[in-house]
Amino acid sequence: MHMHVHTPVEGRLRCSVPSLPAIKPDRLKTAKTLVEKAVKLRKVFSVQGPYPVIRAALWARGWVERRLSHPVQRAPHCHGNDEDGDDGDVGKEENLDDMYDLMSRLVRNETTYFHWTTRRDYIDCRFLRNDQMTNHYANSGSFTTKVGLCVNLRNLQWFDTGDPDTFFPRCYRLGAEDEKHAFIDDFKRTACTSLLQHVVETSRWRSDGAEGGEQKVKNSVSDELNNVEHRFVGPAMIDMALHVCQEFLSVLEHVDIDVTVETPPSVEEQQWAEFLQDYYMVVHEGVLIRGSSVFVERCQAMLIRLQEICPQLDTDGLNNIWIIKPGAKSRGRGIICMNRLDEILALVDSDRALPKESKWVVQKYLERPLLVHGTKFDIRQWFLVTDWNPLTVWFYRECYLRFSTQPYSTKTLDSSVHLCNNSIQKHFQPSCERHPEVPEDNMWSCSQFRAFLQRQGRGAEWESVVIPGMQQAVVSALQTAQDLVEPRKASFELYGADFILGRDLRPWLLEINASPTMACSTTVTAHLCPAVQLDTLRVVLDRRTDPSAYTGGFQLIFKQAAVEVPQYVGVNLLVEGAPIRRSRPPLHRQTVISNPPLTIQFPPDQSSSEEVEMTLGANGATLVPRSLSFSLCPPHSMSDCTSQANPGHGSHISRSFLPQTAFKPQHRTPTRVFPSLQGPLPTLEVFSLRPNIVAGSTACCNPNMSSHPSHHRHQLFLCSQRHSMAKYKGEFTGEHKY
């Protein structure tokens, strides 16, 4: 019974063990030889994701793959900020040769020296060695997310003289309260400028139509409409639009520098609400403005002035369309086009998580792009960054166009018309109204587009306008994010930038994607995607060992001077400088004070007035004793003290240490008693005083006493106490030099 129960389980276990192919000895020997050579040369790589071109190219270079756990299971989310999820179409692992499979098993415990992944979070760069390469940089979301690009491009003025408004449509974060108010102001102002353009273009259309005789019928119809009151709005809205535009120009010219915050706005909210309602009726519903013809010249003059300072005026159009994007999503997910302010704000207020995360951005839609046969398109352009310090950028010479499946129109806000992402357009069938020369697979190579421009007589503008504009936009975006990206030397990254061309062929940057799709979904991408992968390996591997190696379609367009990064010294700070010496602390008087009064006698060659001027010289300097000879004795009598200084009784002080005047007591000056000191003190007889002038010195005397000689007291004792007390042997005698 026991064997009967476990037999089926053992059978299932045996069935679950994979059957391995038989390994021939000669093939094993060859595999070991190749693996040993690859390991010695540090040629072990790992690829996570469907990249058969990368695998084949590395194998051809003598690299051996160290396979990791099934990364393909994460393919639906493996593109980060990329717009296309079509890599899943080629996500099936290719059938590998048995030899490569065997070699991969032999290096399963070896170190990987080259990582190629679809997501940057597969590999933590902090744990990589300096000789391990990876195809991602940390913190590159500062320009590969819509929020990051929106915020960082505003700092371009600190890195370059370029203006982001000349290549990047105006953009705001709806989750940030201050930017939300800035967007509201921009929407209202754009409504005013769009209204002025509407007045001018409507007048031009009428004048052009009036030249043809067949337009008489239309004019009669228009005359009839003039009698229909509800089909018209008053001309006051044009006056208001002109006033708002003039106020905007005044702000740019700093005319409002003296306007206080408390100054009420020139246009009240109720007036704005009425203006926007009339604007929607005129622009979206075709309602006419009564008497608008008299404003045409004023509108034209204002638009000319605005054109000089608003580089996006030509692309703004008439409908005031804005595109709302999730800040960190890709492949066109969640993107909505709107043209009414109340609807946009309602969307923001309905999402409670939006204000906290600030993950949504609103960007001005380019309403007047360049069209190919009446169809909108955008451009996918690759570029490669191989270093961030110094910033080194490679630009790929090939790109491709992605078309919409529907003819272009601003009267509808459907994504099939305005979003050219292949992941969106693949769900729609091409419209029968679309021009037949637009490709069925919705893609063109850049050579096909250049041929189209050549037929339009604008072929030279590709090299003179389009390419330089795209390169400058890419470099500007990278410069603003340079301080935020981790500049790891052994890393590199391939990016895909999306552009839209204006009618003047000026490129406008929409977004930058990490891990751009390499799916061969059309004949165009089937040729270009493998080529850009091979050329990427040429730059990051071949040129690493040979600076003159062939780089394929990549061209070095920017390499800045290296910036030295200060060495990190940790939290311990070193302060260099000279120490400040502390002044000597005041000494205690009781160590030298005794009962008899203090008397000072001066030699005859120095008057008593010099004693008064001891602290102030001729120039206000302090006179400090340089050599002072003195004798202290108990207070018995002046004669005792005098006789103590006689040569016959000078046993206390050596003759060699005393000046000659010390042995001439008959020339001594009268004694001066300090009246401020009461009580018996020891007497001091000065034999010689040699002054030394020290400007501003306060070393030996208090500056407050300089003008009062009677306040000197026993200052000389305080200055010389430390040395005199050291020589104190019971008989207070000695000599001190300052």
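Please refer to the structure higher up on the page.
Quantities reported herein were computed from a predicted structural model and do not represent experimental measurements.

A. Representation of the overall build of the chain within the structure. Helix and strand counts for the chain stand at 22 helices and 21 strands. When burial is assessed residue by residue, the chain has 47% of its 738 residues classed as buried. At a minimum sequence separation of 6, the contacts of the chain that also span at least 24 residues come to 75%. As displayed, the chain offers around 39,300 Å² of accessible surface, 54% of which is attributable to carbon and sulfur atoms.

B. Representation of the pattern of salt bridges. A full pass over the atoms with the stated rule returns 25 salt bridges. When the shortest N-O distance is used, the salt bridge between Lys146 and Glu511 registers 3.1 Å. Highlighted residues: Lys146 in helix H6 (residues 146-152) and Glu511 in strand S15 (residues 507-514), separated in sequence by 365 residues. Here Lys146 falls in the buried class, since its relative accessible area comes to 11%. For the salt bridge of Arg154 with Glu179, the shortest nitrogen-to-oxygen distance reads 2.7 Å. With Arg154 in the loop between H6 and strand S5 (171-173) and Glu179 in helix H7 (residues 177-210), this residue pair connects regions lying 25 residues apart in the sequence. One network of salt bridges, in which partners are shared, links Arg170, Asp186, Arg189 and Asp316.

C. Summary view of the sheet that holds strand S1 (residues 44-48). Taken in spatial order, the four strands line up as S2-S1-S3-S4 in an open sheet, and their pairing is parallel. Because the sheet does not close on itself, it has two edges, and the strands there are strand S2 (64-65) and strand S4 (133-134). For S1 and strand S3 (residues 114-117), the ladder comprises four bridges, and the chain directions are parallel. Residue Gln48 lies in a different strand from S3, and its bridge partner there is Thr117. The strands that helix H3 (residues 52-60) touches are S1, S2 and S3; relative to S1, the one it contacts most, it runs at about 170 degrees.

D. Seen up close, the sheet that holds strand S10 (residues 360-364). Here four strands make up an open sheet; going across it, the order is S5-S10-S8-S9 and the pairing antiparallel. Two strands lie at the open edges of the sheet, namely S5 and strand S9 (336-338), each paired on one side alone. The mean inter-strand angle of the sheet, taken between neighbouring strand axes irrespective of direction, is 25 degrees. In terms of strand pairing, strand S8 (residues 322-326) meets S9 through three bridges, oriented antiparallel. Looking at the pairing, Ile323 lines up with Cys337 of S9. On the sheet, helix H13 (residues 341-350) packs against S8, S9 and S10 and is oriented at approximately 140 degrees with respect to S9.

E. Region of interest: the packing of helix H9 (residues 236-252) against helix H10 (residues 269-285). Put simply, H9 and H10 touch, their axes get as near as 11 Å, and they point 115 degrees apart. In terms of their interaxial angle, H9 and H10 are classed as roughly perpendicular. Between H9 and H10 the crossing geometry is left-handed. Only Gln271, Trp272, Phe275, Asp278, Tyr279 and Val282 of H10 make contact with H9, whose side of the interface consists of Met237, Met240, Ala241 and Val244. Its residues placed into classes, the contact of H9 with H10 shows eight nonpolar, one polar and one charged.

F. Spatial organisation of the pairing of strand S12 (residues 391-403). Among the 13 residues in S12, eleven count as buried, and that is most of the element. Looking at chain direction, strand S11 (residues 377-388) and S12 are connected through ten bridges and run antiparallel. From the neighbouring strand, Asp387 faces S12, where its bridge partner is Thr392. Joining the antiparallel neighbours S11 and S12 is a turn of two residues. Here five bridges tie S12 to strand S16 (residues 554-559), and the two strands are oriented antiparallel to one another. Note on S16: the bridge partner recorded for Phe395 is Gln555.

G. Focus on the environment of Met237. Tracing the sequence through the fold places Met237 in helix H9. A relative accessible area of 5% places Met237 in the buried class. Counting along the chain gives 52 residues from Met237 to Ile289, while the straight-line C-alpha distance between them is 8.8 Å. The residues contacting Met237, other than those within four sequence positions of it, are Leu195, Phe275, Asp278, Tyr279, Val282 and Ile289.

Rules used in this analysis
- Residues numbered from 1 in each chain as written.
- Predicted model: local features only at pLDDT ≥ 70, side-chain atom pairs only at ≥ 80, totals over all residues.
- Heavy atoms only, no water.
- Helix = DSSP H or I, 4+ residues; strand = E, 2+ residues; numbered from the N terminus.
- Buried < 20%, exposed > 50% of the residue type's maximum accessible area, 1.4 Å probe, protein only.
- Contact = heavy atoms within 4.5 Å.
- Areas by Shrake-Rupley, 256 points an atom, 1.4 Å probe, with all protein chains shown as cover.
- Salt bridge = Lys/Arg side-chain N within 4 Å of Asp/Glu carboxyl O.
- Pairing = 2+ DSSP bridges.
- Axes fitted to C-alpha atoms, helices over the stretch in contact; angles between N-to-C directions.
- Parallel < 35°, antiparallel > 145°, perpendicular 65-115°, else oblique.
- Left-handed = near helix turned anticlockwise from the far one by under 90°.
- Nonpolar A, V, L, I, M, F, W, Y, C, P; charged D, E, K, R; others polar.

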